[in-house]
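A look at the structure
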Amino acid sequence: MLMRTDPFRELDRLAQQLVGPGTWSKPSVMPMDAYREGDEYVVAFDVPGVTADAIDIDVERNMLTVRAERRPVAKADDAQMELSERPLGVFSRQIVLADTLDTEHIKADYDAGVLTLRIPIAERAKPRKISIGVGTGHKEISG
């Protein structure tokens, strides 16, 4: 078996062992990307090795919370672990959403370890033309 040594990876692995895996009370952070695409915002979370039923998405007011739990894979009784670098436990991310987003119509897709949320921009936040009234007389208020 060919093994390559990376001292920084070893340091990260040791730090993770000291801190321990994420729990529901103290989850680890999951990486994400966020960008605007047309009339919606797209947020993509990396959650490889997590089944769709182990992902929990909540929206309360303007706070979006995504939690995922990576569980250990069942091994045979006689299996002996040689190397374990993939973190297990709970991962979480909270995002404050702007009031201009329509949280009632969020769409979620999960494919190849990436959870993608599409959040439409609310109609009231989209640019619109304002018509100008011409020829309306001014009225005076007398008191």
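Everything here concerns the structure above.
Residues numbered from 1 in each chain as written. Predicted model: local features only at pLDDT ≥ 70, side-chain atom pairs only at ≥ 80, totals over all residues. Heavy atoms only, no water.

Here we take up the sheet that holds strand S5 (residues 63-70). Read across the sheet, 4 strands follow the order S1-S6-S5-S4 without closing on themselves; strand pairing throughout is mixed. Across the chains shown, the open sheet's two edge strands, defined by having one partner strand only, are strand S1 (28-29) and strand S4 (55-60). Of the pairings in the sheet, the one linking S5 to strand S6 (residues 89-96) comprises 8 bridges and is antiparallel in character. Along S6, the bridge assignment pairs Met63 with Val96. (Pairing = 2+ DSSP bridges. Helix = DSSP H or I, 4+ residues; strand = E, 2+ residues; numbered from the N terminus.)

What follows is about unusual backbone geometry. With a phi close to 55 degrees, Arg61 is a non-glycine residue in the positive phi region. Here Arg61 is to be found in the loop between S4 and S5. We classify Arg61 as exposed; its relative accessible area is 78%. One non-glycine residue, Ala112, adopts positive backbone phi at about 55 degrees. As for its position among the elements, Ala112 is in the loop between strand S7 (107-111) and strand S8 (114-120). (Buried < 20%, exposed > 50% of the residue type's maximum accessible area, 1.4 Å probe, protein only.)

This next bit is on the nonpolar core. Within the largest apolar cluster, 18 residues are counted, with the highest numbers of intra-cluster contacts made by Met30, Phe45, Val47, Ile55, Val66 and Leu115. Among the elements of the structure, strand S3 (40-46), S5, S6 and S8 are those that each provide at least two residues to this core. In this structure Met30 touches Phe45, Asp46, Val47, Val66, Arg67, Ala68, Phe91, Ser92 and Arg93, once residues within four positions along its chain are discounted. (Core = buried A, V, L, I, M, F, W, Y, C linked by side-chain atoms within 4.5 Å. Contact = heavy atoms within 4.5 Å.)

The subject of this paragraph is the sheet that holds S3. Read from one edge of the open sheet, 4 strands run S2-S3-S8-S7, paired in antiparallel fashion. The sheet terminates laterally at strand S2 (32-37) and S7, the two strands that pair on one side only. Shown here is a sheet whose adjacent strand axes are inclined to one another by a mean of 20 degrees, direction ignored. Here S7 pairs with S8 via 5 bridges, running antiparallel. Paired with Asp109 across the bridge in S8 is Thr116. (Axes fitted to C-alpha atoms, helices over the stretch in contact; angles between N-to-C directions.)

Once that is clear, we can look at the pattern of salt bridges. All chains considered together, the criterion is met by 3 salt bridges. The partner of Glu37 in a salt bridge is Arg118, with the nearest N and O atoms 3.0 Å apart. You can see Glu37 sitting in strand S2 and its partner Arg118 sitting in strand S8, a full 81 residues away along the chain. On the basis of relative accessible area, Arg118 is assigned to the partly exposed category, the value being 24%. A salt bridge links Glu69 to Arg71; its shortest N-O distance comes to 3.7 Å. For Glu69, a relative accessible area of 23% puts it in the partly exposed group. (Salt bridge = Lys/Arg side-chain N within 4 Å of Asp/Glu carboxyl O.)

Note that every value here comes from positions in space, so none of it alone points to a role or purpose.
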